[in-house]
Structure formats: C-alpha cells, structure tokens
Amino acid sequence: MPKIVRTRVEFEGEVRERMAVVVEDQVLPWSAREKLDIVGRPHPRVGGRQIVTGGATYTADVQIPGMLHCKIRRSPLPHAEVLSIDTAEAQTLFGVRGVLTHANAPRIRWFGNSFLFDRFVRFEGDEVAAVAADSEEIAEDALDLIHVRYRELPFVVDPEQAMKPDAPRVHKEGNVIGGPEGDVYERGNLEEGFARSNHVFSERYETQAAVHNCLEPHCCVAMWNGDELVLWTSTQHAYGVRDGVAAALGLPLHKVRVICEFMGAGFGSKQGAGKHEVIAALLAKMTERPVRLYPSRREENLAGGVRHPTIQYLRAGVRRDGKLMALHLRSIANVGAYGTDSSEVGGPVRELYDCANVRTEQFAVYTNAGPAAAFRAPGYVEGMFALESMMDQIAYSLSMDPLQLRLVNYARKDPVRGATYSSKPLDEAYRTGAKMAGWNLRAKAQQMGARRRGLGMASQIWGGGGGPPAYAIIRLNSDGTADLVTGTQDIGTGTKTVLVQIAAEELGLKAEDIRITVGDTLAGPYAPVSAGSMTVPSMGPAVRAAAKSAREELLSLASALMQVSAASLSIRNGIITSTTPSKTVAVSDVTRRIGDFMIVGKGARGPNPPNVKVRTFGAQFAEVEVDVETGDVTVTRVVAVHDFGRIINPLTSGSQIEGGIVQGIGFALMEERFVDPESGTSLNANLEAYKIPTILDIPIIEHALIDRPDESCNSIGSKGAGEPPIIPTAAAIANAVYDAAGVRVRSLPITREKILVEIGKLKLQPKPAGEAPGPAQKRRRPRRG
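Nothing here was measured: the structure is a model prediction, and the numbers come from that model. (Residues numbered from 1 in each chain as written. Predicted model: local features only at pLDDT ≥ 70, side-chain atom pairs only at ≥ 80, totals over all residues. Heavy atoms only, no water.)

The subject of this paragraph is unusual backbone geometry. Between P468 and the following residue, P469, the backbone shows a cis peptide bond with an omega angle of -5 degrees. The topology assignment puts P469 in the loop between β21 (451-462) and β22 (471-476). Each neighbour pair has its own omega, and for T580 with P581 the value is -5 degrees, a cis peptide bond. Tracing the sequence through the fold places P581 in the loop between β26 (575-578) and β27 (583-586). (Helix = DSSP H or I, 4+ residues; strand = E, 2+ residues; numbered from the N terminus.)

Okay, here's the thing in structure tokens:
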C-alpha cells in the first residue's frame, strides 16, 4: 500500500518541504557497473525531423476557423494613474469584436493588491486595454483609436534609490519585499573571522538586466467548448498554467485543458500562468470565438521578464595561505514592478567554499522597470560572477594559482547544513578542465602587440536533484509498441528523447517502438515545472517506475504463455528470453495473444534521500583575446567540465552545455536592457539594439562530462543539466580579461568602454593596493601606452 512521507525538494536555490506518496516496491537504482543498451548512448532527438522540416505544431502554428487576434494597449509611462479610457471609436472599427479595460474586465487580483487590468500602471509596457479583432492589423489599428488619459506619478528605476524611505512607492506594501531587513543568513562569527584574517578585500559588483529573448514569445490561443476552456500556450508548466488560469477565472480544474506540444524555449520566464493567457480566455468568452494572442518582439522585451539586475557588496577575509576566514555579501536585486524574490544571489557565497563565518543579506526591491522573471540559474549566475571574480583577485594578490586557491577552500561537506554530498567530483572537474585548457602553460604565452591573450576559470554549483510529485503512464499496444504519457513539457531541451530512452531501457523495447505524448493536461498525469534543472531527475524516475510496472506485468503473462518461471525471463530489443529452459518469444507475440487486454504501467517519483545534499558541480576555463588599444574582447575558447550524474544522452547534454555557454558569453560581453533613468522607458526593446551572440561570436567550445551515476540521488542516477552550464561562464571570462589586460571589470557586461576606462586608470596611478600580479602577469604585463 502507498504511504505519505515528507521530503525536501530544492528549486532554484530554495529548499521546500513537500509530501510524497511512496509505493512499497521502489525501483532500485541502476548501478554504475550495470551494462545499459539505450541509456547513456547518443540518440537523435525525438520529434527532431518535425522541428527542422516545419511539421511541428508550436502555439504560433495553431489555426482554428473563426479565430480572432488579440493585441494589447500598453502604458507608455513607467508610473501613472489611468483617469479615463475611451474605447468607443475602437469598438466601431470594422472587424473589432471585443475590447477589455479595467472598466469592463472582471476584477481579477493578479499581483499583491493589483488587478489584471489596474487603474495604476507601474512600468512602461503594463497592460491597459486589449482588443480582439478579425486580423492582427485591425487589432493594431484599434489600439490607436483607444484614448487614454493618464495622471503621471513619480517613478523610480534604481533599486538603491527605491530602498530609501522617501522613494516613490511602486506598491502600497513598500518597495523592499519582506521588509527593510531583507533575507538574512548567517553562520559562525563574522567579525571574529575578519579579525583573524591577514587580508580583507571589499568590492562592489553589478550585473545587468538581461532579456530572455526566447525564439517563441509568450503566446497563446484560447478556445471555449461550452463551459470548458482549451488553452494552447508556450509554457514551462502546463499544469501550473491550468491551475493559475482556473483560479483566476473561478473554474474547476477539470474545466481547463492546457496544451503545449512543442515549445520555442522559456529559460525561466514561462513558469506559470500569465496575464496574456487570462486576457485571451476572457476575450474568447466575450466574443464566443477562439482568440490568438501573439506579442511583438518589443512587447516581449518590455513585459516578458528579465534576469534580475543586481548590486552586490562583497567582503572577504583570508589568511596568508589563502584560507577563507569570512565572507559577507549584501545583495540588492531589482525585481521590477511585478517580480519576485526568488533570485538566490547569495547561494554561491553560502555554499561553494569551506568558510566558517558567512553572512548574506539579500534584498529584493520593486522598481518601475519591467518585471523580473527567473532566468536560467537565477541568482547563481549573478552571485557566481561576484564570488569567483573576488576569488581570482585574492589569488593574484597572494601570488597563488587561482585553481590552487579554490582547492585550499574546497568544501567536503555542505557548508550550510553539514550534510554529506551525494557525490562531489568538483576536484575532478578542476583537474580535467585545467588539463584540457592548458592551465599550467598559461604563463608561457607570448604577448605581442596590442592583442593580449588570457585564461580565466570559475566554478559551478547548483541543485538539480529533482523531486516529487511527478507521474507517468505506459501502455503496451497489441502490436508490441508502447505509449508513454506524461503531463510534462519539452521546452526544447530534448526531454522527450531522454524519457523515451529511459522507458525503452527499462521495458526492453527499441526506442523507436515507443511514442511519447507530453504537454497536455487532459492526456497526461501531473508533472512538475520544467525549471530549476528538475525535469529529468523528477520525470525520469517516474517513467522508469511506470516502465518497470509494465515490464513486470508483461513478464508475468509471458511466463504463463511460455510455461516458464517469470524470474527466468528478461527482455531486450523487444525479445523475451528464458534462461531455463532456453526459449525466446517476441513481445509483439505476447501482446497479440492477449488481444485487447492492455498492460498499463503507472509510475511516481519517490522522495529524495533524507540525509544527503544533491548538487551538480562543474568548472569552466575561458580563453580570451583583449585589444588593449580598442578594448575589444574576443572569446576564443571555452572548456567546460560538468557533473550531471549519469548521462542519459550525450547529445542532449552536450547541447545544454553549448547553449548555456553561448548565453553566458552574451551575459558577459554584450546583453543589457537599458532603461532611461530620466524617463523610465526602455531604450533598446528590440533585437536590433539589444545585442545577443551571433554565430560570429561563438568560440571553440570543448566539453567533458563526468559521466558517473549518482546512485543515492534517484533511481536513474541523473541530475539536471539545464542551468549549470551558464553559471560560471561570465566569471571565467571576466577573470580571463584580467589575465590578458591586467584590468578587472566588476560590472557586466564587460564593454570596450569599461576596459579602456580601467586601462586609463592604470596609466594614471599604480595598481590598486591589495592585488599584486600573479605569476602569469609578472611574466607578461601588457604595455601601458
């Protein structure tokens, strides 16, 4: 009989306690010595042919007869009160079928005390009105015919200014989430740690707002079948959208169906129900026609969410031998008008290194900027840039090898809770990466002319252990093929592929004999959000459990038909084999003989191990060229070594690493949303002025996977691979820039202007006290002009 237990699940740096239903016959982990046929091998992407040939149905491709098109009128001001809205002229335009404003829309609470359509707008891009019309062009024209009268209000876009008592209030509750004390963590005695330090370093770091810029924006199609809503949407959590939309509209859960068959990425910005989905549903109800909402790229950049920009004040105390004695971080995250405090900027400081005395103070602050949203390892990318930049600075100041400094402070146990790690091959990642990158040869590089070459490194720590609840169903068909059904979604990472591999391995079928259905809350059982690197370590064990259940039932029936013991049977490549006596029979023969009796296996994700800490680890080494006359930075090579436990598919894992590094390069060198502090409006809400990496910016990327099952983590031994690859990239590049040019840039992105400013400072004054050149710099100090 199943029983209920409590288990810890980590999500994007936050540990939450959940209930899990446990069945008695838990699936034992695959051991590292076990020979697997399908898992661990490259496999072409399931659905890949559909994607590259245009056959995949994304939300944007959904076409329904009679479908209307929705466009949204957005605020041009960062903060204002809507005094009046006149929609009469828009409503009389031929082809307009419905208009929504705060005057006629249901008063649906959306964020705190604000509403879906609110009298107060809090950032440029906030929703003011929505139009449904026969075409996008008519809807756009109608927006121009809506006349809005505003009362402009004081605004604030700088988070430090927003924290002041006299700052304009973004929300009545105050601008600092949780109050002025912030979120505080402390262990040991901070002041004693600093007092016992031989050197104390104190620096200010800044990271910018980065826009997700998914290829597919926040789009949806809403259609009512009587009193039931069907919603096609681009989402990272089909069940989360179902629950959120049902709550907003006051509907029972079984009256809302959410479909996401294919998706053009999310990166964290599509984790739950959004305003666009509720607006489309309301207009579809009003007009009694399906409604499609597809925002422009400008709208997406204004309202689709950004990575939290941060300001970090980091202080570190060290002994002469490099041992960390104290770490103190005060971080301020700008969450915009409607963001949350989910960004764990202090995570790396708290848990990466063995330091007895640590204090982090995290502040999440509302401003009148576009809303922040989780973005691939939220908080850890930003926090790692500051921490690993400082570790590099400390190493050079002490004339130590930066890699050796990290080994001096290597944490054997989780510094936060003292728990044992389920596995921690970070030292192996250091050694392997250093050898691949030629770390020990960097001091011998010849520096000629204006272009200087440098090599930098940074570490990675993140969660990725997954957890319950997650469910899967496997049905065997009469021809020996199988259907795998789950409510998860493939956000472009290859989830369908690895789940099919896991099912095929456990069932003993060929991967091509299994069809997978995802992204449909009506068809599939509950699955968690595809975020926090949770999908494979959450869904994989559930799929394997379902496959085990189906396999055991199949073997039980086969044993009766073959008149042998079920214990003597095994399945491989669709063939059932008996060892005593020696017999074989095809799975299809067994399923054909039992006719319409359907074998159905059900599987659930069990609880996480209670006494260990599950973490992913890695290291990256970046090689750059810096032109000390122009400030130009070119990343020439990145070496990445990561631990994700057992690798289910090297192709998809490698793609995750390469994609994360490409995004990390953009974050390090070019991406930044600009908000004018005088007007509170965005200056580059498009893909012309907002720069992202192109193929010409991509360096040589070499990666290695520490393919070692984490058997105490879950039954498949795998950890999440989605977010770790982006975490150390910016820090490694920043440290490489210092190694090349002798200047340290502490605000992202690292631009030509910032580098030239720092080089100019060096021409005017000696190197700042506290940072002597390391061995490499002593051998090849760049020219100072």
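Looking now at the domain arrangement of the protein chain. By domain assignment, the protein chain separates into domain 1 (2-56 + 466-604) and domain 2 (310-465 + 611-759). Relative to domain 2, the C-alpha centre of domain 1 lies at a distance of 35 Å. If you look at the interface, domain 1 gives 37 residues, while domain 2 gives 34 residues. Note on domain 1 versus domain 2: buried area summed over both sides is about 2500 Å², and carbon and sulfur give 54% of it. Where domain 1 packs against domain 2, one counts 0 salt bridges. At the boundary of domain 1 with domain 2, the tally comes to 12 residue pairs in polar contact (both at pLDDT 80 or more). The element contributing the most residues to the side of domain 1 that touches domain 2 is helix α14 (residues 535-562), with 5 residues. When the residues that make up the side of domain 1 that touches domain 2 are grouped by side-chain class, the tally is 17 nonpolar, 13 polar and 7 charged. (Domains from an automatic or database assignment. Contact = heavy atoms within 4.5 Å. Buried area = accessible area lost by both parts, 1.4 Å probe. Salt bridge = Lys/Arg side-chain N within 4 Å of Asp/Glu carboxyl O. Polar contact = N/O pair within 3.5 Å; in protein donor to acceptor, adjacent residues only side chain to side chain. Nonpolar A, V, L, I, M, F, W, Y, C, P; charged D, E, K, R; others polar.)

Here helix α13 (residues 495-507) is 13 residues long and its end C-alpha atoms lie 18 Å apart, about the 18 Å a rise of 1.5 Å per residue gives. Among the 13 residues that make up α13, 13 are buried, leaving the element largely enclosed by the rest of the structure. Taken from the residues just after α13, G508 is the one with a positive phi, measuring 85 degrees. (Expected span 1.5 Å × (residues − 1). Buried < 20%, exposed > 50% of the residue type's maximum accessible area, 1.4 Å probe, protein only.)

What follows concerns the sheet that holds strand β8 (residues 120-121). The strands making up a sheet associate through hydrogen bonds between their backbones, and the pairing can be parallel or antiparallel. An order of β8-β4-β10 is seen for the 3 strands of this open sheet, with the pairing classed as antiparallel. Of all the strands in the sheet, the pair left with one neighbour each is β8 and β10 (147-152). (Pairing = 2+ DSSP bridges.)

Let us look at the packing of aromatic side chains. Taken as a whole and assessed by the stated rule, the structure comprises 11 aromatic pairs. For the ring pair Y58 and F262, a centre distance of 5.8 Å and an interplane angle of 45 degrees mean the geometry is tilted. With Y58 in the loop between α1 (48-53) and β3 (68-74) and F262 in the loop between β15 (256-259) and α7 (275-287), this residue pair connects regions lying 204 residues apart in the sequence. With a centroid separation of 6.0 Å and 85 degrees between ring planes, the pair formed by Y205 and F385 is classed as edge-to-face. With Y205 in strand β12 (residues 199-207) and F385 in helix α10 (residues 380-397), this pair connects stretches of sequence that are 180 residues apart. (Phe/Tyr/Trp six-rings, centres within 6.5 Å; stacked < 30°, edge-to-face > 60°.)

This part takes up the sheet that holds strand β11 (residues 183-187). As summarised here, the arrangement of the 5 strands in space is β11-β19-β18-β17-β12, forming an open sheet in which the pairing is mixed. The sheet terminates laterally at β11 and β12, the two strands that pair on one side only. Along the sheet, successive strands turn relative to each other by an average axial angle of 5 degrees, direction set aside. Strand direction decides the pairing type here: strand β17 (residues 310-318) and strand β18 (residues 324-336), joined by 9 bridges, are antiparallel. Residue pairing for β18: A316 is matched across the bridge by L327. Its contacts with the sheet put α10 on β12, β17 and β18, and the angle it makes with β12 is roughly 145 degrees. (Axes fitted to C-alpha atoms, helices over the stretch in contact; angles between N-to-C directions.)

Volume-wise, the second largest pocket comes out at about 980 Å³. W110, S269, A273, G274 and K275 are, among the 41 residues lining the second largest pocket, the residues nearest its centre. For the lining of the second largest pocket, the secondary structure elements donating two or more residues are β3, β6 (109-111), α6 (238-249), α7 and α8 (297-303). (1 Å grid on protein atoms, 1.4 Å probe; cavity = no way out; pocket = protein on both sides within 12 Å on 5 of 7 lines; lining within 4 Å. Points joined across faces, edges and corners; volume = space filled by probe spheres on them.)

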